[in-house]
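# Chain and residue survey
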Amino acid sequence: MVLERGTLFDPVLVTDLVNKVKGKSSLARLSQQQPIPFNGQKEFVFTMDNEIDVVAESGKKSHGGVSLAPRTIVPIKVEYGARVSDEFMYAADEERINILKAFNDGFANKAARGLDLMAFHGVNPRTGNASAVIGNNHFDALVTQAVEAPFGMNDANGVIESAIALVHGSDGDVTGMAIAPSLRSALAKQKDQQGNPMFPELAWGNAPDSINGLPVDVNRTVSDMSDNARAYVGDFQNGFKWGYAKQIPLEIIQYGDPDNSGLDLKGYNQVYIRAELYLGWGILDPGSFARITEAGE
């Protein structure tokens with residue numbers, strides 16, 4: 001076997017995996033990514049409290065003031081494993097590589113979806129329940145600025161404008177928006193005063209990368225595992241960061257019951273492929289974001 005217990009993902013596969021995560025995750029597409037050490041790192045939000053001061057020749061200078069707020073980004077471990085036939089062990093190298101590439105593709109999609117679900121809603125993606133490991137490090141807990149819209153969102157455009165106004169009112173910038181498919185549909189139905197579609201680019205289920213010049217990503221993760229979340233608007237470029245630890249362990253397990261299913265691998269002629277990924281994220285400035293929620297029927 002080329003792969004043994006504890007072997008790391010090939011660097012090419014790591015790059016491919018992360019690129020796929022960026023393509024599937026709203027947060028990864030809209031924000032900055034950087035490598036994160038296993039023991040975490042501190043990000044400092046440096047805020048100057050006042051404007052610059054005009055000083056006359058030989059004039060007195062005054063204190064401007066500064067605020068320094070540290071935010072710690074600590075990566076958490078996520079894993080995915082799957083049982084495959086033990087024929088994997090005896091296949092030619094080329095076939096084993098093809099299987100691992102397929103596993104890598106699936107793992108990347110799950111990691112991308114998982115990043116959104118964890119950072120938006122604070123849940124364990126597998127169970128859908130709140131995660132004690134994540135705690136309050138997620139948008140639904142930290143972002144207090146919110147606009148609640150009536151069921152159906154008949155004025156979806158107005159709701160988004162209100163959310164943007166909240167961010168601007170907190171001296172924040174809006175660099176992107178992640179929206180649920182239901183909000184995309186509500187926008188597609190909006191008409192102007194002449195009865196024409198206000199957003200024709202959204203017709204027939206289209207999901208463009210930008211609307212009115214604002215980067216937008218349509219993703220089910222915005223509303224999945226949440227009762228009422230429909231969109232997150234704000235400064236994703238500067239107010240949110242995410243990253244991963246570069247070393248991604250990959251195991252080929254031949255013995256035992258690694259997934260606690262009660263089925264012994266040898267007894268069922270199987271092997272177990274398991275990958276682990278250390279993901280971290282931080283909402284550096286919650287005031288630079290606003291949530292859009294939808295009231296129930």
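A quick note: this is a predicted structure, and the numbers were derived from the prediction, not measured.

Conventions used here
Residues numbered from 1 in each chain as written. Predicted model: local features only at pLDDT ≥ 70, side-chain atom pairs only at ≥ 80, totals over all residues. Heavy atoms only, no water. Helix = DSSP H or I, 4+ residues; strand = E, 2+ residues; numbered from the N terminus. Buried < 20%, exposed > 50% of the residue type's maximum accessible area, 1.4 Å probe, protein only. Contact = heavy atoms within 4.5 Å. Areas by Shrake-Rupley, 256 points an atom, 1.4 Å probe, with all protein chains shown as cover. Pairing = 2+ DSSP bridges. Axes fitted to C-alpha atoms, helices over the stretch in contact; angles between N-to-C directions. Phe/Tyr/Trp six-rings, centres within 6.5 Å; stacked < 30°, edge-to-face > 60°. Salt bridge = Lys/Arg side-chain N within 4 Å of Asp/Glu carboxyl O. 1 Å grid on protein atoms, 1.4 Å probe; cavity = no way out; pocket = protein on both sides within 12 Å on 5 of 7 lines; lining within 4 Å. Points joined across faces, edges and corners; volume = space filled by probe spheres on them. Nonpolar A, V, L, I, M, F, W, Y, C, P; charged D, E, K, R; others polar. pLDDT = per-residue confidence, 0-100.

## What to know about the overall build of the chain
Along its length, the chain carries eight helices and 13 strands. Every one of the 297 residues in the chain was classed for burial, and the buried ones make up 42%. Pairs at least 24 residues apart make up 76% of the contacts formed inside the chain by residues separated by at least 6 positions. Element-wise, carbon and sulfur atoms account for 49% of the exposed surface of the chain, whose accessible area totals about 15,900 Å².

## Looking at the sheet that holds strand β7 (residues 210-211)
In a beta sheet, neighbouring strands pair by backbone hydrogen bonds and run either parallel or antiparallel. Spatially, β5-β13-β9-β6-β8-β7 is the arrangement adopted by the six strands of the open sheet, whose pairing is mixed. Edge positions in the open sheet fall to β5 (146-149) and β7, since each of these has one partner strand only. The strands touched by helix α6 (residues 156-169) are β5, β6 (176-179), β9 (229-234) and β13 (289-294); relative to β13, the strand with the most contacts, the crossing angle is about 150°. Docked against the sheet, helix α7 (residues 181-188) engages β6, β7, β8 (214-218) and β9, running at close to 105° with respect to β6.

## Examining the packing of aromatic side chains
The final tally for this structure, using the stated rule, is eight aromatic pairs. Ring geometry for Phe139 versus Phe289: centroids 5.1 Å apart, planes at 90°, classification edge-to-face. Of this pair, Phe139 sits in helix α5 (residues 139-142) while Phe289 sits in strand β13, and the two are 150 residues apart along the sequence. Of the two residues, Phe139 and Phe289, both sit in the buried class. Centre to centre, the rings of Phe236 and Phe289 are 5.1 Å apart; their planes meet at 70°, and the pair counts as edge-to-face. One end of the pair, Phe236, is in helix α8 (residues 236-239); the other, Phe289, is in strand β13, and 53 residues separate them in sequence. Of the residues examined, Phe236 reaches a relative accessible area of 0% and is grouped as buried.

## Thoughts on the environment of Phe151
Relative to the helices and strands, Phe151 is located in the loop between β5 and α6. The class of Phe151 is partly exposed, set by a relative accessible area of 49%. For the pair Phe151 and Gly296, spaced 145 residues apart in the sequence, the C-alpha separation amounts to 5.7 Å.

## As for the pattern of salt bridges
By the definition in use, this model includes ten salt bridges. Measuring nitrogen to oxygen at the nearest pair gives 3.8 Å for the salt bridge that ties Glu79 to Arg274. Of this pair, Glu79 sits in strand β4 (residues 76-85) while Arg274 sits in strand β12 (residues 270-283), placing them 195 residues apart in sequence. Given the relative accessible area of 33%, Glu79 is considered partly exposed. The class of Arg274 is buried, set by a relative accessible area of 17%. Here Arg274 makes a salt bridge to Glu251, at a shortest N to O gap of 3.8 Å. With Arg274 in strand β12 and Glu251 in strand β11 (residues 250-253), this residue pair connects regions lying 23 residues apart in the sequence. Its relative accessible area of 16% is what places Glu251 among the buried residues. By sharing partners, the salt bridges in this structure join Glu79, Arg126, Glu251 and Arg274 into a single network.

## Re the layout of surface pockets
One water molecule sets the probe size; rolling that probe over the atoms shows where empty space is left. Estimated volume of the largest pocket: approximately 500 Å³. Along its surface, the largest pocket is lined by 20 residues, and Val78, Glu79, Asn124, Pro125 and Arg126 are the ones closest to its centre. Mapped by element, the contributors of at least two residues to the lining of the largest pocket are β4 and α4 (93-121). Element by element, the count of residues in the lining of the largest pocket is highest for α4, at eight residues. The residue makeup of the lining of the largest pocket, split by class, is twelve nonpolar, three polar and five charged.

## Quick notes on the confidence of the model for the chain
The predicted coordinates should not be examined in detail at positions where pLDDT is low. Looking at the chain as a whole, the pLDDT averages 84, with 80% of positions reaching at least 70. Low pLDDT, under 50, characterises residues 1-5; the stretch is placed with twelve contacts to residues that sit more than four places away or in other chains.

## Here's the deal with unusual backbone geometry
Here Asn212, not a glycine, exhibits a phi torsion of approximately 55°, which is positive. Of note, Asn212 is situated in the loop between β7 and β8. Phi angles above zero are rare outside glycine, and Asn269 is one such case at about 55°. Mapped onto the secondary structure, Asn269 falls in the loop between β11 and β12.

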